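Commentary on secondary and tertiary structure
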Amino acid sequence: MEIHVIRHTPINFDKNRCYGRLDVPLAHSFKKDVEKMRKKIISKFDLVYTSPSARCKELAKALQYESIIEDERLNEIDFGDWEGKLWSEINQEKLNTWMKDFVTIRAGNGESLKEMFQRVSSFFNELRLQQCKKVLIITHSGVLRCTWAYLLSIPLENIFKLPVGFHEHFIFKMGQDSLLDSIVQLK
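Residues numbered from 1 in each chain as written. Predicted model: local features only at pLDDT ≥ 70, side-chain atom pairs only at ≥ 80, totals over all residues. Heavy atoms only, no water.

Details of the overall build of the protein
Helix and strand content of the protein: 5 helices and 6 strands. Listing the helices and strands of the protein from first to last along the sequence gives β-α-β-α-β-α-α-β-α-β-β. Here the C-alpha radius of gyration of the protein, 16 Å, is about what a compact globule of 187 residues would show, namely 16 Å. Projected onto its principal axes, the C-alpha coordinates of the protein cover approximately 50 × 40 × 25 Å. (Helix = DSSP H or I, 4+ residues; strand = E, 2+ residues; numbered from the N terminus. Rg over C-alpha atoms; globule rule 2.2 N^0.38 Å.)

Encoded structure:
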């Protein structure tokens, strides 16, 4: 199965603010970004999945896919009551505690990275059972990093070493008997 995973396009939001699941506006370059992406994505897909986040759904619609399946498991990490706050407004003791163990400690009463990884893994475990040749997933950087961890058994504490830019496009090929046959990054 060939799985195309794309991170949404750039956003127009204060970089000093915490956001994960928070719906944030897309950058003014959205239409140009979509045109660039259309040139890269020339395949038809058996299934198209998207995060329920507006920034992902809008990209899926702009790329003009007819049947789009929203899946909660493709959401970005939930920062709970930290969502939308300036990083400097968050209780520094709680922030430091989370930063020391972001894998198991929940961020702002939201979710931990381990919990996020479990839901992303659940999605891929189900996807592997589908009888499809090509699948498109439009999602977030955290989900993409969890995808890498799932496919390559990367320890979760190391996934932030993997750079994932806006509208990056990766193709993962899963074999019948193997979790991963190959990876391609489209520029």
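Description of the packing of helix H4 (residues 113–127) against helix H5 (residues 141–152)
In the contact formed by H4 and H5, the axes pass within 9 Å of each other and the chain directions differ by 70°. By the criterion of interaxial angle, the relationship of H4 to H5 is roughly perpendicular. Together, Leu-113, Met-116, Phe-117, Val-120, Ser-121, Phe-124 and Asn-125 of H4 and Gly-142, Val-143, Cys-146, Thr-147, Ala-149 and Tyr-150 of H5 make up the contact between the two elements. Grouping the amino acids of the contact of H4 with H5 by side-chain chemistry returns 9 nonpolar, 4 polar and no charged. (Axes fitted to C-alpha atoms, helices over the stretch in contact; angles between N-to-C directions. Parallel < 35°, antiparallel > 145°, perpendicular 65-115°, else oblique. Contact = heavy atoms within 4.5 Å. Nonpolar A, V, L, I, M, F, W, Y, C, P; charged D, E, K, R; others polar.)

Here we look at unusual backbone geometry
Unlike most non-glycine residues, Gln-64 shows phi in positive territory, near 65°. Within the secondary structure layout, Gln-64 lies in the loop between helix H2 (54–62) and strand S3 (68–70). Although it is not a glycine, Asn-109 adopts a positive phi angle of roughly 65°. Here Asn-109 lies in the loop between helix H3 (92–100) and H4.

Looking at the environment of Val-164
Its location among the elements puts Val-164 in the loop between H5 and strand S5 (169–173). Through-space distance from the C-alpha of Val-164 to that of Leu-144 is 7.6 Å; in sequence the pair is 20 residues apart. Residues within four places of Val-164 in sequence aside, it is in contact with Arg-7, Ser-141, Leu-144 and Arg-145.

A few points about the packing of aromatic side chains
Summed over the entire model, instances satisfying the criterion amount to 13 aromatic pairs. Grouped by ring-pair contacts, the aromatic residues Phe-79, Trp-82, Trp-87, Trp-98, Phe-102 and Phe-160 constitute a single cluster. (Phe/Tyr/Trp six-rings, centres within 6.5 Å; stacked < 30°, edge-to-face > 60°.)

A word on the pairing of strand S4 (residues 134–139)
The element S4 is largely enclosed, with a buried count of 5 among its 6 residues. Summarising the sheet, strand S2 (residues 47–50) and S4 pair through 4 bridges and their orientation is parallel. Following the sheet pairing, Thr-50 is matched in S4 by Ile-138. (Buried < 20%, exposed > 50% of the residue type's maximum accessible area, 1.4 Å probe, protein only. Pairing = 2+ DSSP bridges.)

Quick word on the packing of helix H1 (residues 30–40) against H2
With their axes 10 Å apart at the nearest point, H1 and H2 run at an angle of 55° to one another. With respect to H2, the element H1 is oriented oblique. When you trace H1 past H2, the crossing you get is right-handed. On H2, the residues touching Phe-30, Val-34, Met-37 and Arg-38 of H1 are Glu-58, Leu-59 and Ala-62. (Left-handed = near helix turned anticlockwise from the far one by under 90°.)

Looking at the state of the cysteines
Counted under the stated rule, the structure contains 0 disulfides. Between Cys-18, a free cysteine, and Cys-146, which holds the nearest cysteine sulfur, the sulfur-to-sulfur gap is 16 Å. The thiol sulfur of Cys-56 is not disulfide-bonded, and the nearest other cysteine sulfur, from Cys-146, lies at 14 Å. (Disulfide = S-S within 2.5 Å.)

Quick look at H2
Note: α-helices contain 3.6 residues per turn, so residues at a spacing of three or four share the same orientation. Listed as buried for H2 are Arg-55, Cys-56, Leu-59, Ala-60 and Ala-62. All buried residues of H2 fall inside an arc of 165° around its axis, so they share one side. Its buried side turned inward, H2 meets strand S1 (2–7), H1, S2, S3 and S4. (Arc of directions from axis to C-beta.)

Any functional reading would require information that these geometric values do not contain.
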